[in-house]
Amino acid sequence: AKTQSTSRAREERMKLCFALRSATAAIMLTAAAGAAQAQSEFKVGFVLSQVGPLAELAKTYLDGAEVGVAMVNDTGGIGGLKVRMIACDAQGQEPQAVICAKKLINDDKVNLMIGATGTPQTMAIIPTAESAGVPLFGMGAGRVIWEPVKKWVFKSFPSNDDQIPAELNYAKKK
């Protein structure tokens, strides 16, 4: 039980670190675009599911992103602009993810988006991000998110194809 608890805690730390790295990379990769805009802050929209089967995973992503935003702001922001993250709850539903993406782009005027907690929701918001020309860092592991290559969609973490063989090999050794 103790080994399982230690393993679970390590896994949660790894998820948090990954989310932090993803958020920081997303912000830093678009620094030039954000700095060029005449505004008072750099807005990052985050479409995630705060309820439903992916809610716990989304919480770790959000926690990491908040830490990343704080780190960027503590070092001067992006091009002198403070970063503000705006989260929208997709409620585990593709139609709600699209509503969130449209709100973040049209109403909140975000500079980039992160989302949407899983492959189906991410696929649902891609047309919205692409048509608006807003960079989207996909938060799903399905390769279909970034293949074929899309102009405004970027890979945030390993695909299922990358993860599953390594997990199976690990399980076989146990």
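Residues numbered from 1 in each chain as written. Predicted model: local features only at pLDDT ≥ 70, side-chain atom pairs only at ≥ 80, totals over all residues. Heavy atoms only, no water.

**A word on the overall build of the chain**
Then comes step 1: In terms of regular secondary structure, the chain is built from six helices and five strands.
Then comes step 2: The linear arrangement of helices and strands in the chain, starting from the amino end, is α-α-β-α-β-α-β-α-β-β-α.
Then comes step 3: Looking at the chain as a whole, 44% of its 174 residues qualify as buried.
Then comes step 4: The long-range fraction of contacts in the chain, counting pairs at least 24 apart against all pairs at least 6 apart in sequence, stands at 57%.
Then comes step 5: Entry remark: accessible area of the chain is about 9,400 Å², with carbon and sulfur atoms responsible for 58%. (Helix = DSSP H or I, 4+ residues; strand = E, 2+ residues; numbered from the N terminus. Buried < 20%, exposed > 50% of the residue type's maximum accessible area, 1.4 Å probe, protein only. Contact = heavy atoms within 4.5 Å. Areas by Shrake-Rupley, 256 points an atom, 1.4 Å probe, with all protein chains shown as cover.)

**A word on the pattern of salt bridges**
Then comes step 1: Across all of its chains, the model carries four salt bridges by this definition.
Then comes step 2: Of the charged contacts, one joins aspartate 63 and lysine 59 as a salt bridge, the two residues approaching to 3.0 Å between their closest N and O atoms. Residue aspartate 63 and its partner lysine 59 are located together in helix α3 (residues 55–74), separated by four residues, close to a single helical turn.
Then comes step 3: Close ionic contact of glutamate 147 with arginine 143 constitutes a salt bridge, the shortest N to O distance being 3.3 Å.
Then comes step 4: Given the relative accessible area of 39%, glutamate 147 is considered partly exposed. (Salt bridge = Lys/Arg side-chain N within 4 Å of Asp/Glu carboxyl O.)

**A closer look at helix α4 (residues 94–107)**
Then comes step 1: Helix length check: α4, at 14 residues, gives a terminal C-alpha distance of 19 Å against a target of 20 Å (1.5 Å per residue), a fit within 8%.
Then comes step 2: Within the sequence span of α4, burial applies to Ala97, Val98, Cys100, Ala101, Leu104 and Ile105. When α4 is viewed along its axis, its buried side chains cluster within an angular range of 160 degrees and face the same direction. In α4, the exposed positions that point more than 90 degrees away from the buried face belong to Pro95, Ile99 and Asp107. (Expected span 1.5 Å × (residues − 1). Arc of directions from axis to C-beta.)

**A word on the side chain of aspartate 89**
Then comes step 1: Note on placement: aspartate 89 falls in strand β2 (residues 82–89).
Then comes step 2: Buried charge without a salt bridge: aspartate 89, with lysine 103 as the nearest opposite-charge side chain at an N-O distance of 12 Å.
Then comes step 3: A distance of 2.8 Å separates a polar side-chain atom of aspartate 89 from the backbone nitrogen of glutamine 50.
Then comes step 4: At a separation of 2.8 Å, a polar atom in the side chain of aspartate 89 contacts the main-chain amide nitrogen of glutamine 91.
Then comes step 5: If we ignore the near neighbours within four places in the chain, the residues touching aspartate 89 are Leu48, Ser49, Gln50, Val51, Gln96 and Cys100. (Lys, Arg positive; Asp, Glu negative; His and termini not counted. Polar contact = N/O pair within 3.5 Å; in protein donor to acceptor, adjacent residues only side chain to side chain.)

**Some details on the pairing of strand β3 (residues 112–115)**
Then comes step 1: Residues Leu112 and Ile114 line one face of β3 and the alternating positions Met113 and Gly115 line the opposite face, and both faces are buried.
Then comes step 2: By the bridge criterion, three bridges tie β3 to strand β4 (residues 136–138) in an arrangement that is parallel. Along β4, the bridge assignment pairs glycine 115 with glycine 138.
Then comes step 3: The β-α-β motif built from β3, the intervening helix α5 (residues 119–132) and the parallel element β4 has right-handed crossover chirality. (Pairing = 2+ DSSP bridges. Right-handed = clockwise from strand over helix to strand, strands pointing away.)

**Notes on the sheet that holds β3**
Then comes step 1: Sheet architecture is open: five strands sit in the order β2-β1-β3-β4-β5, paired in parallel fashion. Looking at strand neighbours, the two that pair on one side only are β2 and β5 (153–155), the edges of this open sheet. Here the average twist between neighbouring strands, direction ignored, is 25 degrees.
Then comes step 2: Bridge count between strand β1 (residues 41–48) and β2: eight bridges; the pairing is parallel. Bridge pairing in β2 links glycine 45 to isoleucine 86.
Then comes step 3: Along the sheet, α3 makes contact with β1 and β2, crossing β2 at roughly 165 degrees. (Axes fitted to C-alpha atoms, helices over the stretch in contact; angles between N-to-C directions.)

Honestly, it's all geometry; don't read function into it.
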